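As a plain string of letters, each chain reads:
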Amino acid sequence: MDESGPRTTVFAEESLLGLLLPFWQMVIGAVVLVVLVLSVGRLARRGKSRMTTALLVTAAAIAGFAVIGVLLEG
């Protein structure tokens, strides 16, 4: 008897992706960290006023994303 249907769970197809997922998350995280460090270093060399402006823009972006996330969640 065929056991395919809406309640059937297939584990074999997802096992490879399950093994690779943590690796790719680490790769993406490392790339983001490198870009962040390089951009902060460049921004710090440009001076104090640019750093203050960048922090304000970043804070506004974080607050905006948080508001959008709360609004879309409900």
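Rules used throughout
- Residues numbered from 1 in each chain as written.
- Predicted model: local features only at pLDDT ≥ 70, side-chain atom pairs only at ≥ 80, totals over all residues.
- Heavy atoms only, no water.
- Helix = DSSP H or I, 4+ residues; strand = E, 2+ residues; numbered from the N terminus.
- Buried < 20%, exposed > 50% of the residue type's maximum accessible area, 1.4 Å probe, protein only.
- Areas by Shrake-Rupley, 256 points an atom, 1.4 Å probe, with all protein chains shown as cover.
- Patch = residues over 30% accessible without salt bridge, like charges linked within 9 Å, V, L, I, M, F, W, Y side chains within 5 Å.
- Salt bridge = Lys/Arg side-chain N within 4 Å of Asp/Glu carboxyl O.
- Lys, Arg positive; Asp, Glu negative; His and termini not counted.
- Charge placed at Lys NZ, Arg CZ, Asp CG, Glu CD.

Caption draft 1: Region of the structure containing the overall build of the protein chain. Looking only at helices and strands, the protein chain features two helices and zero strands. Within the protein chain, the proportion of its 74 residues that are buried is 0%. Surface exposure of the protein chain reaches about 7100 Å², of which carbon and sulfur atoms provide 72%.

Caption draft 2: Structural view of a positive patch on the surface. A cluster of like positive charges, contributed by Arg-42, Arg-45, Arg-46 and Arg-50, occupies part of the molecular surface. No other element matches the three residues that helix α1 (residues 12-46) contributes to the positive patch. Summarising the element assignment, Arg-46 is placed in helix α1.

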